[in-house]
Amino acid sequence: MKLQPIVYVTDMERSTAWYARLLGGEPDLAGGHWTTFPVEGGHLALHLTSDALDVGSVELSLVVDEALEEVAARLPPHRGIADEAFGRSLVLRDPDGTLIQVNEHDAGLPGW
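First, a word on scope: everything that follows refers to the structure included in this document.

Analysis parameters
- Residues numbered from 1 in each chain as written.
- Predicted model: local features only at pLDDT ≥ 70, side-chain atom pairs only at ≥ 80, totals over all residues.
- Heavy atoms only, no water.
- Helix = DSSP H or I, 4+ residues; strand = E, 2+ residues; numbered from the N terminus.
- Rg over C-alpha atoms; globule rule 2.2 N^0.38 Å.
- Buried < 20%, exposed > 50% of the residue type's maximum accessible area, 1.4 Å probe, protein only.
- Contact = heavy atoms within 4.5 Å.
- Areas by Shrake-Rupley, 256 points an atom, 1.4 Å probe, with all protein chains shown as cover.
- Lys, Arg positive; Asp, Glu negative; His and termini not counted.
- Charge placed at Lys NZ, Arg CZ, Asp CG, Glu CD.
- Polar contact = N/O pair within 3.5 Å; in protein donor to acceptor, adjacent residues only side chain to side chain.
- Expected span 1.5 Å × (residues − 1).
- Arc of directions from axis to C-beta.

**Re the overall build of the chain**
What the chain contains, in helices and strands, is two helices and nine strands. Ordering the α and β elements of the chain from the N terminus gives β-β-α-β-β-β-β-α-β-β-β. Over its C-alpha atoms the chain spans a radius of gyration of 14 Å, differing by no more than 12% from the 13 Å that the globule rule assigns to 112 residues. Its C-alpha atoms give the chain principal-axis dimensions of about 40 × 35 × 25 Å. Within the span of the chain, comprising 112 residues, buried residues form 35% of the whole. Within the chain, residue pairs in contact and separated by at least 24 positions form 49% of the contacts whose partners lie at least 6 positions apart. Of the roughly 6,600 Å² of accessible surface on the chain, a fraction of 56% belongs to carbon and sulfur atoms. In the chain, 7 positive and 18 negative side-chain charges are present, and the distance between their average locations comes to 2 Å.

**Some remarks on the side chain of Gln 101**
Summarising the element assignment, Gln 101 is placed in strand β9 (residues 99-105). There is a polar contact of 3.2 Å between the side chain of Gln 101 and the side chain of Glu 59. With sequence-adjacent residues up to four places away left out, Gln 101 is seen in contact with Ile 6, Glu 59, Leu 60, Ser 61, Leu 62, Phe 86, Ser 89, Leu 90 and Val 91.

**What about helix α1 (residues 12-23)?**
Look at α1: 16 Å from first C-alpha to last across twelve residues, which is about the 16 Å you get at 1.5 Å a residue. Regarding α1, the residues found buried are Met 12, Ser 15, Thr 16, Tyr 19 and Ala 20. Within α1, the buried residues cover an arc of 135 degrees as seen down the axis, which keeps them to one side. Opposite the buried face of α1, by more than 90 degrees, sit the exposed residues Glu 13, Arg 14, Arg 21 and Leu 22. On its buried face, α1 is in contact with β2 (6-9), β4 (34-39) and β5 (42-48). The N-cap residue of α1 is Asp 11: its side-chain oxygen and the backbone nitrogen of Glu 13 are 3.2 Å apart. One or two steps after α1, the chain reaches Gly 24, where phi turns positive at roughly 70 degrees.

Okay, structure coming up:
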């Protein structure tokens, strides 16, 4: 399992430049509404948004090597399995109500 926090941003070019300076390196995947930077143990992702509720928020995301059905069998999902551009995802809630996105990436996704 790899950690992938997602930062919601309003200007991808500006945010990509800022995080590149912070992390001292360039993204390994960049395009449109999604950018990722390799970091120890996973990636830091930037997600473009215009939703005022998302701006400035950070979402905890995990990338798993197992099938999402196995995760859903252990913990009841808040949102069931959804097909995404990168693979599949589901959303869980921890005991305090924090949303946790769990992702299963397609084979060959750059950086994974």
